[in-house]
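In case you want the letters, here they are:
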Amino acid sequence: MSEVILKNLTKKYGTNTVVDNINLKAENGKLVSILGPSGCGKTTTLRMIAGFEKPDSGEIFFDGRTVGTLPINKRNIGMVFQSYALFPHMTVEQNVSYGLEQRKVAPEQIKIWVNEALSLVHMEEYAKRKPKQLSGGQQQRVALARALVINPDVLLLDECLSALDKKLRVEMQVELRKILENTGVTTFFVTHDQEEAMTLSDIIVVMNNGKIEQCGTPFDIYERPATRFTAGFLGKANFFEGKVISSENNLVTINTKTGNITIPALNAKIDENILYIVRPEKIRFVSEGGIKGKIEHVTYSGNISLCSVNCGSQTIICEIQNTISGERAKKGDNVFIDWDCSESVKILGGD
Ligand SMILES: Nc1ncnc2c1ncn2[C@@H]1O[C@H](COP(=O)(O)OP(=O)(O)OP(=O)(O)O)[C@@H](O)[C@H]1O
Ligand SMILES: [Mg+2]
């Protein structure tokens, strides 16, 4: 229930800058996902918000107040970290009640809240067990209950669903979304699962090498990637890069490293260096016109088929919706491919 602002936040380990001058605002009650490759600084960012790490420079504000000097236990933060260590000698119930006891909550109240928290994560039946008597996924759920029970202002979740099987994971995603809507807690969520980030987030932050590449709604990040990295990191993408040699009737010819290609696109200027990004599902096969190519490879995956089409100067990946009656794309087919010019996302100068 706090607005969180990170301002010019930087963290170094020795000479290694692992979080590099990041600026970020999480509005009150929103879920902000942090995505990025291993080692890009996600956990370090969360640890600074929690107060486990001191930034080398920059500041963190909760509701406009700097938390620079505020110790961990005064920040009212709920956390589930990558290593979600539960207290091994305590039962599930005791693990969850611990934070409330520390806060000197009345025992009758503790009982009620602990039961509520355990039922949220479907772990009521396991209240008397010790962590070592639980599976990894069950331990993760207890860790989540332990973080939620204190009614935090800010919730930090680092890969908190990673040990769950797919079905439970999806269930927990729905539960989590409900919990967050009910409690209105501002949440930072680190995940490696793109689909999870897309479905859960109000805002996605894409990090790379300690820096923020892009910050936006799931729609913005997917449909309007601002950099090559973001486009490549989330979902599949075709890249058309080089110098514009002609542009007319919404067709742009680009001189790429491997030859010329003419694609449907808008807003190109002659001689500029550009990168266009086109998602495979925007592409369709047409009976004539468009870009001529030959299918080199088809991967059938039920609802769609992914086709690699050799178009001379480059291979284009197309995602084609499958039907029962329609003709199936197959290796060796000669095809024409096309897409709406407005589906080409332009990035000036290549990056
Ligand atoms: N205590 C430390 N001392 C030195 N270097 C560290 C320390 N903690 C983290 N690092 C380094 O900082 C970088 C960022 O680490 P961080 O844990 O934030 O990555 P991450 O994005 O969470 O990665 P992952 O997805 O693998 O969890 C890494 O290169 C890591 O090796
Ligand atoms: Mg991490």
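Here the structure is a predicted model, which is why all the values come from computation and not from measurement.

## Examining the overall build of the chain
Here is step 1 of the chain: Of regular secondary structure, the chain possesses 8 helices and 20 strands.
Here is step 2 of the chain: Across its three principal directions, the C-alpha atoms of the chain cover 75 × 50 × 35 Å.
Here is step 3 of the chain: In the chain, buried positions account for 47% of the 351 residues.
Here is step 4 of the chain: Within the chain, counting contacts between residues at least 6 apart in sequence, those at least 24 apart form 65% of the total.
Here is step 5 of the chain: Carbon and sulfur atoms form 49% of the exposed surface of the chain, whose accessible area is close to 17400 Å².

## Brief notes about the pattern of salt bridges
Here is step 1 of the chain: Under the counting rule described, the total for this entry stands at 18 salt bridges.
Here is step 2 of the chain: A salt bridge links K128 to E93; its shortest N-O distance comes to 2.8 Å. In this pair, K128 sits in the loop between helix 3 (107-120) and helix 4 (136-148) while E93 sits in helix 2 (residues 92-102), placing the two residues 35 residues apart along the sequence.
Here is step 3 of the chain: By relative accessible area, which is 26% here, E93 ends up partly exposed.
Here is step 4 of the chain: A salt bridge links K178 to E175; its shortest N-O distance comes to 3.9 Å.

## Things to note about the side chain of Q314
Here is step 1 of the chain: Assignment of secondary structure puts Q314 in the loop between strand 17 (304-310) and strand 18 (315-321).
Here is step 2 of the chain: For Q314, a relative accessible area of 15% gives the class buried.

## Brief notes about the sheet that holds strand 8 (residues 186-190)
Here is step 1 of the chain: In spatial order, the strands read 6-7-8-3-9-10; together these 6 strands make up an open sheet with mixed pairing. Two strands lie at the open edges of the sheet, namely strand 6 (77-80) and strand 10 (211-216), each paired on one side alone. Each neighbouring strand pair of the sheet contributes to a mean axis angle of 15°, computed without reference to strand direction.
Here is step 2 of the chain: One ladder, built from 4 bridges, connects strand 3 (residues 31-35) with strand 9 (residues 203-208); its direction is parallel. Looking at the pairing, S33 lines up with I204 of strand 9.

## Quick notes on the site of ligand 1
Here is step 1 of the chain: Neighbouring ligand 1 are the residues Y13, V18, S38, G39, C40, G41, K42, T43, T44, Q82 and H192.
Here is step 2 of the chain: In this structure, an oxygen atom belonging to ligand 1 sits 3.0 Å away from a main-chain N or O atom of G41.
Here is step 3 of the chain: Note that an oxygen atom of ligand 1 is positioned 2.5 Å from one of the side-chain N or O atoms of T44.
Here is step 4 of the chain: Expressed as a share of its isolated accessible area of 640 Å², the protein-covered part of ligand 1 is 60%.
Here is step 5 of the chain: In terms of residue count, the dominant contributor to the shell around ligand 1 is helix 1 (residues 42-50) (3 residues).
Here is step 6 of the chain: Class assignment of the residues belonging to the shell around ligand 1 gives a composition of 3 nonpolar, 7 polar and 1 charged.

## Considering the packing of aromatic side chains
Here is step 1 of the chain: According to the stated counting rule, one finds 4 aromatic pairs in the structure shown.
Here is step 2 of the chain: Relative to F233, the ring of F229 lies with its centre 5.5 Å away and its plane at 15°, an arrangement referred to as stacked. On the criterion of helical spacing, the pair formed by F229 and F233 is a turn pair, its members being 4 residues apart in helix 8 (residues 228-233).
Here is step 3 of the chain: A centroid spacing of 5.6 Å and a plane angle of 25° characterise the contact between F240 and W339, whose relative ring orientation is stacked.

Procedures and definitions
- Residues numbered from 1 in each chain as written.
- Chains lettered and ligands numbered in written order.
- Predicted model: local features only at pLDDT ≥ 70, side-chain atom pairs only at ≥ 80, totals over all residues.
- Heavy atoms only, no water.
- Helix = DSSP H or I, 4+ residues; strand = E, 2+ residues; numbered from the N terminus.
- Buried < 20%, exposed > 50% of the residue type's maximum accessible area, 1.4 Å probe, protein only.
- Contact = heavy atoms within 4.5 Å.
- Areas by Shrake-Rupley, 256 points an atom, 1.4 Å probe, with all protein chains shown as cover.
- Salt bridge = Lys/Arg side-chain N within 4 Å of Asp/Glu carboxyl O.
- Pairing = 2+ DSSP bridges.
- Axes fitted to C-alpha atoms, helices over the stretch in contact; angles between N-to-C directions.
- Near = heavy atom within 4 Å.
- Polar contact = N/O pair within 3.5 Å; in protein donor to acceptor, adjacent residues only side chain to side chain.
- Nonpolar A, V, L, I, M, F, W, Y, C, P; charged D, E, K, R; others polar.
- Phe/Tyr/Trp six-rings, centres within 6.5 Å; stacked < 30°, edge-to-face > 60°.

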